[in-house]
Structures are given as structure tokens and as C-alpha cells.
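As a plain string of letters, each chain reads:
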Amino acid sequence: MSERKVRVRFAPSPTGPLHIGGVRTALFNYLFAKKHGGDFLLRIEDTDQARYVPGTEEYIQEALEWCGITIDEGPKQGGPFAPYRQSERKDLYRQYAEQLLESGHAYYAFDTPEELDLARTKAEANGETFTYNALSRGQMKNSLSLTGETWQALLSSSTHYVIRFKMPDNLDVTEVDLIRGSVTFNTALLDDKVLFKSDGMPTYHLANVVDDHLMEISHVIRGEEWLPSMPLHVLLYRAFGWENTMPRFTHLPLILKPEGKGKLSKRDGDKLGFPVFPLLWKDKVTGEPSRGYREDGYFPDAFINMLALLGWNPGTEQEIFSMAELCETFTLERVGKSGARFDPEKTKWFNHQYFIKKSDLELGKLLLPLLKEKGVAADLNMATKVSGMVKERCNFVSEIWEQSYFLFQAPVSYDEKIVSKRWKDDVPAMMVEISIFFEALENWSAPLIKEPFSEYVTGKQWNFGTVMNSLRLCLVGGSFGPDIFDICEIIGQSETVIRIRKGVETIKI
RNA sequence: GGUCUGUUCAUCUAAGGGUUAGGAUUCAAGAUUUUCAUUCUUGCCAUAGGGGUUCGAAUCCCCUACAGACUACCA
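Small disclaimer: the values here were computed from a predicted structure and weren't measured.

Rules used throughout
- Residues numbered from 1 in each chain as written.
- Chains lettered and ligands numbered in written order.
- Predicted model: local features only at pLDDT ≥ 70, side-chain atom pairs only at ≥ 80, totals over all residues.
- Heavy atoms only, no water.
- Helix = DSSP H or I, 4+ residues; strand = E, 2+ residues; numbered from the N terminus.
- Rg over C-alpha atoms; globule rule 2.2 N^0.38 Å.
- Buried < 20%, exposed > 50% of the residue type's maximum accessible area, 1.4 Å probe, protein only.
- Contact = heavy atoms within 4.5 Å.
- Areas by Shrake-Rupley, 256 points an atom, 1.4 Å probe, with all protein chains shown as cover.
- Lys, Arg positive; Asp, Glu negative; His and termini not counted.
- Charge placed at Lys NZ, Arg CZ, Asp CG, Glu CD.
- Salt bridge = Lys/Arg side-chain N within 4 Å of Asp/Glu carboxyl O.
- Expected span 1.5 Å × (residues − 1).
- Pairing = 2+ DSSP bridges.
- Axes fitted to C-alpha atoms, helices over the stretch in contact; angles between N-to-C directions.
- Core = buried A, V, L, I, M, F, W, Y, C linked by side-chain atoms within 4.5 Å.
- Near = heavy atom within 4 Å.
- Polar contact = N/O pair within 3.5 Å; in protein donor to acceptor, adjacent residues only side chain to side chain.
- Nonpolar A, V, L, I, M, F, W, Y, C, P; charged D, E, K, R; others polar.
- Right-handed = clockwise from strand over helix to strand, strands pointing away.
- pLDDT = per-residue confidence, 0-100.

With that settled, consider the overall build of chain A. Within chain A, the secondary structure is distributed over 20 helices and 13 strands. Computed over C-alpha atoms, the radius of gyration of chain A comes to 32 Å, more than 25% over the 23 Å expected from 2.2 N^0.38 for 509 residues, which places it beyond the range of a compact globule. Its C-alpha atoms put chain A at 110 × 50 × 35 Å along the principal axes. Counting every position in chain A, which comprises 509 residues, the buried fraction comes to 49%. In chain A, once contacts between residues fewer than 6 apart in sequence are set aside, the share between residues at least 24 apart is 72%. Of the roughly 24100 Å² that chain A leaves accessible, carbon and sulfur atoms contribute 51%. In chain A, 60 positive and 71 negative side-chain charges are present, and the distance between their average locations comes to 2 Å.

Attention shifts here to the side chain of Lys358. Relative to the assigned elements, Lys358 resides in the loop between helix H11 (344–357) and helix H12 (360–373). We note that Lys358 is buried and unpaired, the nearest opposite charge coming from Glu362 at a distance of 4.5 Å. Discounting chain neighbours no more than four positions away, the residues touching Lys358 are Phe299, Leu363 and Lys391.

This next bit is on helix H2 (residues 56–67). Over its 12 residues, H2 runs 16 Å from end to end, which matches the ideal 16 Å to within 8%, given 1.5 Å per residue. Most of H2 is tucked away, with nine of its 12 residues classed as buried. Of all the residues in H2, the buried ones are Thr56, Glu57, Tyr59, Ile60, Gln61, Ala63, Leu64, Trp66 and Cys67. Those residues of H2 that are buried are in contact with strand E1 (7–10), helix H1 (20–35), strand E2 (39–42), strand E11 (281–282), helix H9 (300–308) and helix H10 (323–329). Within two residues after H2, Gly68 carries a phi angle of roughly 85 degrees, on the positive side.

A separate point is unusual backbone geometry. Most peptide bonds take the trans form, and the phi angle of most residues other than glycine is negative. Following Ala82, the chain continues to Pro83 via a peptide bond in cis, the omega torsion being 0 degrees. You can see Pro83 is positioned in the loop between H2 and helix H3 (90–102). At Glu216, a position not held by glycine, the phi torsion is positive, near 55 degrees. Relative to the assigned elements, Glu216 resides in the loop between helix H6 (204–214) and strand E8 (219–223). Positioned with a positive phi, Gln461 is a non-glycine residue whose angle comes to about 60 degrees. Mapping Gln461 onto the fold places it in the loop between helix H17 (446–460) and helix H18 (464–476).

Take the pattern of salt bridges next. In the structure shown here, the tally under the stated rule is 33 salt bridges. A salt bridge links Asp48 to Arg51; the shortest N-O distance between them is 3.4 Å. Residue Arg499 pairs with Glu495 through a salt bridge whose shortest N-O separation is 2.6 Å. One end of the pair, Arg499, and the other, Glu495, are both in helix H20 (residues 493–506), four residues apart, so they sit about a helical turn from each other. Residue Glu495 is classed as partly exposed on the basis of its relative accessible area, which comes to 22%.

Right, let's talk about the sheet that holds strand E7 (residues 194–196) for a bit. Here we have three strands laid out as an open sheet, ordered E3-E4-E7, and antiparallel in their pairing. The outermost strands of the open sheet, each flanked by one partner alone, are strand E3 (106–109) and E7. Averaged over all pairs of adjacent strands, the angle between their axes in this sheet comes to 45 degrees, without regard to strand direction.

Residues Leu407, Met431, Ile434, Phe438, Phe453 and Leu471 are the most contacted members of the largest nonpolar core, which totals 55 residues. In terms of residue count, the dominant contributor to this core is H18 (seven residues). Discounting chain neighbours no more than four positions away, the residues touching Leu471 are Met431, Ile434, Phe438, Phe453, Ile484 and Ile500. Counting 54 residues, the second largest nonpolar core, distinct from the first, contains Ala33, Ile60, Ile221 and Phe277.

Before going further, it helps to spend a moment on the protein's contact with RNA strand B. Among the 60 residues in the neighbourhood of RNA strand B, the closest are listed as Lys197, Ser198, Glu319, Arg472 and Asp483. Protein-adjacent atoms of RNA strand B, using a 4 Å cutoff, are sugar or phosphate at a proportion of 77%. Between RNA strand B and the protein, one listed contact pairs a sugar or linking oxygen with a side-chain N or O atom of Asn469 at 3.3 Å. Ile484 places a main-chain nitrogen or oxygen 3.3 Å from a base oxygen of RNA strand B. No other element matches H18, which puts four residues into the surface near RNA strand B. A breakdown of the residues in the surface near RNA strand B according to their chemical character gives 22 nonpolar, 14 polar and 24 charged.

Within helix H14 (residues 397–404), six of the eight residues are buried, which leaves the element mostly enclosed by the surrounding structure. All buried positions along H14 are accounted for by Val397, Glu399, Ile400, Trp401, Gln403 and Ser404. Those residues of H14 that are buried lie in contact with H11, H12 and helix H13 (380–390).

With that out of the way, let us pick up the pairing of strand E9 (residues 248–252). Within E9, four of the five residues are buried, which leaves it mostly tucked inside the rest of the structure. Two elements, E8 and E9, share five bridges in a ladder whose sense is parallel. Within the sheet, the bridge partner assigned to Arg222 lies in E9 and is His251. Tracing the backbone out of E8, into helix H7 (residues 230–240) and back to the parallel element E9 gives a crossover that is right-handed.

What follows covers the confidence of the model for chain A. Averaged over every residue, the pLDDT of chain A is 93; the share at 70 or more is 99%. Taken together, the chains of this predicted complex give a pTM of 0.94 and an interface ipTM of 0.93.

The next thing to look at is the side chain of His233. Note on placement: His233 falls in helix H7. Once you skip the residues sitting within four places of it in the chain, His233 turns out to touch Tyr204, His205, Asn208, Val209, Arg222 and Phe249.

Structure follows, in C-alpha cells:
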């Protein structure tokens, strides 16, 4: 084995926002690189002008940045193998295609899209599928079937042509996939893939192999959907004579829909109410927004932690990992072979874990802008205190507000279910007495309310549960929130009394 | 249709020939908190099916079923 430096690349095409699966592929590449002290590069595969979506490249950069995946070399950060955008490398690919032409590994093909369609429909009529290969290429229009004069004339008459790979007739191609073991394909079932398009751009297959070679990529880690094209790529390395520096291949299992069949798509997120993108994305033409984990209030480290455990596991029972720990622990050998169903619930759980680990002050800082937005006058001190009170029951900063808004403003309605459950005939009278009791209290702090209050209720021989729940209903409007005496302390004595009396007036049995 | 890949609780997964098949999430129940939540305990729940190989199989082999990916001048 050579001591080659580990260099991996994440090579998305800018055809839309990066989704979770893409982020995970990037993450695994990154972790693998960092584990081995190697480089992680970003290469933009924009060889298809027709599908180019503006803004996507920036999105990809920003998303990786948010995730804490740092790019060693890329279009924005540069590097010794620049440019990292395939459209800017356009001129480079031509000579490699020609090299293949000269060595007899490729040929010109002049079939028009219409002719190809015709061949396909004809084959279909016979219950077969058309494959451009050793069997059929003799009948097609190309530099193998036509006489030299004919095709050279076509070539010089500026007829549109493509360059196709001359797939060997019947050859077993075996290659090792680092997580699946060795996989064998027979070339008889493969077709003569287009390497160079009539628009002067290479296809993915050519560009990918050429760039990986030129950029000295040591390991190709990509999604499982690429597994079927591995033999073509291997054959290309052989045809170029680059076999001894060929990268090792690894195909990652897919991320599947939470329910039903198939791989995770944007629609699943819409349907089940969870984001499938790291960042918010607004469709440039329809303006339709797609939710992002960042905007939904997930912490990037929680998001990454969740993604890392989707398809990979450390073999221990540890579930919470920092990026540094992941870099340390990650191995491709421990990546599973089978597709993993995405679980939005567990994603929330991961966020909760990171959420409760944050200090009250950190959460307070995050909460403060939200309070301002709600038009509430509160300082950092208050935001911190409130965060500490309710964080255990929250997954997101926005939930702090949901769990504590009544500390800033009186409830405007009362949960009907709780009313019918708790607000019995004798309750209003109790509440009135309690309000008088509270009004008379001299010290107003949670412990100094709780003690005399408990004695008072006991003395009255009231049911504690009834009293507490009814009181809660008056103060917060429902049956949730932090400790009642803490609430009393924060909203203050007079507000407490006001809310109880308001409740007595408003709540109907 | 063809090729390739896969299949352990509802979900993520551990166990790389020998364990009562372990953990986590979700859900449910109980305890605690005379309120809310936390917390704790418990429960439910799995080796797709069938054949081999073996003293012994979730693990190795074969078949079947199911699932997924791919099958473009898209990546």
C-alpha cells in the first residue's frame, strides 16, 4: 500500500440546495480526511449548464460552514489545484477525451437524440432495452461503424457529435468498495457512456475521473447511487493508465424516508413537518421557501451529531459526539451497508441534549432577541433566569418562549380542557381567599411564599392538587410551565393577585 | 425487464460461529415532585422466509421474498 496523503472531495452539482444526504456525504468525507490528517476539498460539478441553479454554490458553502465542515481547498478558498469549478476547467477535458480517442478507448458518435430515441422505442417494442454497446454500435452512426472518410467528413462539417467510451465486450470488472467489499460487474451489461457532450462539456464520468486524478484524490466517498458507475470509472482509470494512483472507492448507504418507501426527498419534509435542508432555501422562480435546520432552531453540532450517527456508529454506547470526537473516532469500516430511515424525532432529541447542556446565560443570550421581537421588555438577566427555569422541557430556543410567555404577559385565554377538569364549584371561592392571603404577604420570594402558603392551605383542609392546579390555570392559562412559586416571584405580588382575580371573573364553570 | 446493493425491535443500531440478542429514540405504565417539568424504574417490541455447512449460526453458503439504487449528450 502506498503512503499517499489522504485527499477527499465533496463534489456536488449546483442544481439545487444541498439536502441532508449531501451534507452527510460531505461530513463523512470530512471526518475521514481529518481522521487521517488529510485534505477535504469542495469541487463544484457544473458541467450541465441546463440544470444550473443560481445561488446554489453559495448555499453549499454556507451550509458546510454552518455545519463546521471546513474546506481546505475549493472555489472560494482556492488551492494548488485550482480552479475547483468544472466549468472553469472546461478546456482541460478535451485533451483527455482525445487521448482516449487515440488509444482506441473511445470513439466519435454522430447519432442525433432523435435517432437514439428511435432506437430505444424500437427496442422497447420488441420488449428489449436499447443499449449502446459492442452489440449495437455497429448499426449506429459513429467512427467505428462508418468509413474513415465518412465520419471525418461529418466531423469537419461541424455536425454535432459526442465522444463515447468503447466499453469492452465481455469483461468482468472487480473493484473493492471499502464498506461493501469486492463488487463485480460484467461489461456486457454496461453501455458506451458519453464522455464528451456535443456542447463541448465533459459528462460527469469524464470530468470526475480526470479531476480526481489531477487533484490527487486518494479516496472517493460518495452516495450509493454511484455504485453502478464504478466499473466505468475503473475502466477509465485503466484506459488513461492511471490505475496505480486510482482512488479507493466507497459508497455510502442512502438516507430513506421516515415512512413509506424510497429515499428521502423534499416532499417528505413538507408532509411530515421537518426540514430536509440545512439552511432555509427560497426557490428563485416560485419563491417557495423550504425550511432549514438552522432557521428551525437546531444547533449545528446537534445536527451534525445526528447525521454522523445515521449510518455510522462507534461500536460503543456513546451517542453524543463533538466534531473533534467524531474526527477522532470515525472509520469507514463502521459505516453500515443498509439504508437508514431518517428519524425526525431523534433529531429533536439530539438537539435537546445540546440544548440542556448550554448554560442558562448562553440560552439567555439566544432568547433575548426573541423577547425583543415579541415586544417584551426584558434584560439579559431576566432572559437567563427564565431560560434556566424552563430549559429542561425545551428542545429549541423558540420553545422557551412557549413555556414562559406568561411570565411577561398575562394569559388571554384559558385552556378549556384544564378548565373543565380543574375549575370546580368551590374553586372560585378558594381563589378569592388565596388572593387575599397573597395580598397580605410581606415577603415575596418563591420559598417565602411556598412555606406560609402550604400552611395556609393545610389549615383550610383544601385539596392541595386542586388548589395548585387552579392557581396555575389563573396564572398561566393552562397546565404547563415552571414551578408555581417561581412564577409568582417573577411576575410579582400585585400581578399574581390581579391574575387570580381576573381568573375568578373570567373562567366559567 | 436487466444489473448491482441491501434486509436485527415501529425507528437508529450493537453482537465480526457460542450472551437471557445489548443500547438509544418513540410509545405506555409506575415512582418521585402535594403544582409543571426534570429524574428514576419498568414494560412493549427484532434476527424477512426456507434450505444447507457446523457440536453450535443474527453471523458462513444457496434459494425465495421484499426493498432500494442505477439503467440520459443529468449529476
